[in-house]
Amino acid sequence: MFSSTDIGIDLGTANILVYTKAKGIILNEPSVVALDTKSNKVIAFGEDAKAMIGKTPDSIRVVRPLKEGVIADFDVTIELLKLVMQKAAKQIGGSFRKPNVMICTPCGATSVERRAIVDAVKHSGAKSVHLIEEPVAAAIGADLPVSEPIASVIVDIGGGTTEVGIISFGGVVSANTVRVAGDRMDEDIIQYVRKKYNVLIGEPTAENIKKQIGYALISHEEETMEVRGRDIMTGLPKVVNLTSTEIQEALKESLLAILECIRATLENCPAELSGDIVDQGVIISGGGALLKGLQQWLSEEISVPVHIAPQPLESVAIGTGKSLVMLNKLDKIAR
């Protein structure tokens, strides 16, 4: 039994990750819950629930309780967090008894949204809850020198939001959030296929298209992919062939919104730190960092080096865990 285990949680729109100092990432599950519509009880969560999206009868409702980086359904989020805590405890080989939790929030989250996150984590059995801004957690997780007087620029492209932060001396100097990220890109693809081909596809298919033939706005050798969906006119199954240049066009608006967010953040950077950015470059993390050609495209657009974080999908979770260890050290010194 663990009397006061320290855990870091990346409460992401797309995935929930749990980090412990001893074992690193111990859990990585999609932020999806399947509910029985009659009893409103949880049937499945994580990968099991994600596999049900678009395939369930009326008696089962599949929901994503987090939207755009914040809690959209409080009660379902509590249930999801309880299940996550239980599964994480099994991974360690015991059970949590009132763990200390560090959890990340988007920079643009309101005080009400932050309070909802704290309340949800406490309801799921946490002893204490500390919040950390997502760009700071991502920067710590990417091993950037956040505590030094050097500008560290992090662009975290998650499921619901893209967070851009310039960090120096352990704090955020300039930051911006845009609620455009992986989910919006999936929606862009769904709408494009619907408008051009009159074919309806689901979220999992759109996400797969993005991963397979999605490209940032760069020149590349065209790739094709066969996609199955439902013809809106006839209601029958239909197969269409999509090209990577088509998907590139579908993603254009979202990519330009992310670029504008990065530019706005860099424009607010103090002149003294601008030189560091030219030398150190920009680090991209989150699932969106894996979009083909993104690194090259951003580097060309903002004229500074762009690097992908060592573990882009896990940077925020690692950063939350590491920051909780630092916080505990400071508490002991204060005492």
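Refer to the structure printed above.
Residues numbered from 1 in each chain as written. Predicted model: local features only at pLDDT ≥ 70, side-chain atom pairs only at ≥ 80, totals over all residues. Heavy atoms only, no water.

A. Region of interest: the overall build of the protein chain. Helix and strand counts for the protein chain come out as ten helices and 18 strands. Each principal axis of the C-alpha atoms in the protein chain carries an extent, and together these give about 70 × 55 × 35 Å. Taken over 335 residues, the protein chain has a buried fraction of 50%. Restricting the contact set of the protein chain to residue pairs at least 6 apart, pairs at least 24 apart contribute 61%. Total accessible area on the protein chain is roughly 15600 Å²; 49% of this is exposed by carbon and sulfur atoms. (Helix = DSSP H or I, 4+ residues; strand = E, 2+ residues; numbered from the N terminus. Buried < 20%, exposed > 50% of the residue type's maximum accessible area, 1.4 Å probe, protein only. Contact = heavy atoms within 4.5 Å. Areas by Shrake-Rupley, 256 points an atom, 1.4 Å probe, with all protein chains shown as cover.)

B. Focus on the sheet that holds strand β10 (residues 128-133). Strand order in the open sheet formed by five strands is β3-β2-β1-β9-β10, and the pairing between neighbours is mixed. What marks the edges here is a single partner per strand, and that holds for β3 (24-30) and β10. The average angle at which neighbouring strand axes cross in this sheet is 20°, direction not considered. The sheet contact formed by strand β9 (residues 100-105) and β10 spans six bridges and is parallel. Across the sheet, residue I103 finds its bridge partner in β10, namely L131. Contacting β1 (6-11), β2 (15-20), β3 and β9, helix α2 (residues 74-92) runs over the sheet at an angle of about 140° to β3. (Pairing = 2+ DSSP bridges. Axes fitted to C-alpha atoms, helices over the stretch in contact; angles between N-to-C directions.)

C. Representation of the sheet that holds strand β14 (residues 199-200) in the model. If you walk across this open sheet you meet the three strands as β14-β15-β16, and the pairing is antiparallel. In this open sheet, the two edge strands, each paired with only one partner strand, are β14 and β16 (237-243). Note: β14 against strand β15 (residues 224-231), two bridges, orientation antiparallel. Counted as the bridge partner of V199 is D231 from β15. Of the strands in this sheet, β14 and β16 touch helix α5 (residues 182-197), which is tilted by about 110° from β16.

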